[in-house]
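# Structural overview for review
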Amino acid sequence: GTLLNIKADKLQNGIGMHIHNMENDTLTSGSLLQVSTKTTSPENGVVRVNSNNVKSGKIISIEANALTSGNAIEVTNNGENLTTGSLLHLNSLASNAQNGIANVVGNNIQTGSIVSIEGNSLTTGSLLNLKSHSFDLEDGAVKIDASKMTKGKGIVLDLSEMTEGTGIEMNDNTKLTSGKLLDIRTTSSNALNPVSIAANAITNGKVVEISSDGITSGST
């Protein structure tokens, strides 16, 4: 059944329900709206928004123009039992999501990060795990469009304390024919060093090692 039913079928410009706290700024540890439950398996969500007919506009709008060090949305999971679940799950059946299932825009940001991911206890896991079973990714599984950049760096790996690890690894390929594991191209007529490897401090070892023991015709 329904404990509270607010019917606003003809509402166009007004507000169906408004909770006011505008006369002062004393709200600190309190909340304007709190929903509590002890249920362990809510199939349709503790809070459910049914707006299946919406085609444009916004389903949920949060305005936080004065935010500085706070969070517009914060989801905490202080327990240690999270396994196959997720704190944020986005699922779409769209076949032409031109702006992405998730779209983050920060065009005015000059310093800092647009998206920041931190995981200091990782061992066998990954900070970012991308999967695709597509057979033909013309634009790449990962695409970085920095076509307007004239200076700076496209990708930076800070490996200042690495001793036995690997900066970039491409492995497990057994069917390569006319493809390339690494393809670097430039059409510039003034390119001074398209590929530069500097290891000026090496005294004992190899700067570049190429192994191709199975070659019978061809060259390395």
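A brief look at the structure comes next. Every value quoted in this text rests on a predicted model; they were computed, and no experiment measured them.

### Looking at the overall build of the chain
Along the backbone of the chain there are 0 helices and 0 strands. For 220 residues, the compact-globule estimate of 2.2 N^0.38 gives 17 Å, and the chain exceeds it by more than 25% at 27 Å. Considering only C-alpha atoms, the chain reaches an extent of 80 × 45 × 40 Å along its principal axes. For the chain, with 220 residues in total, the buried portion stands at 0%. In the chain, once contacts between residues fewer than 6 apart in sequence are set aside, the share between residues at least 24 apart is 0%. Here the chain displays about 23,300 Å² of accessible surface, and carbon together with sulfur accounts for 46% of that area.

### Considering the pattern of salt bridges
Summed over the entire model, instances satisfying the criterion amount to 3 salt bridges. Note that Asp9 is salt-bridged to Lys7, the shortest N-O span being 3.7 Å. This pair shows no difference in class: Asp9 is exposed, exactly as Lys7 is. One salt bridge connects Asp183 with Arg185, and the closest N-O pair in it is separated by 2.9 Å. Taking the relative accessible area as the measure of exposure, Asp183 reaches 40% and is therefore partly exposed. Classification of Arg185 as exposed rests on a relative accessible area of 68%.

Rules behind the numbers
- Residues numbered from 1 in each chain as written.
- Predicted model: local features only at pLDDT ≥ 70, side-chain atom pairs only at ≥ 80, totals over all residues.
- Heavy atoms only, no water.
- Helix = DSSP H or I, 4+ residues; strand = E, 2+ residues; numbered from the N terminus.
- Rg over C-alpha atoms; globule rule 2.2 N^0.38 Å.
- Buried < 20%, exposed > 50% of the residue type's maximum accessible area, 1.4 Å probe, protein only.
- Contact = heavy atoms within 4.5 Å.
- Areas by Shrake-Rupley, 256 points an atom, 1.4 Å probe, with all protein chains shown as cover.
- Salt bridge = Lys/Arg side-chain N within 4 Å of Asp/Glu carboxyl O.

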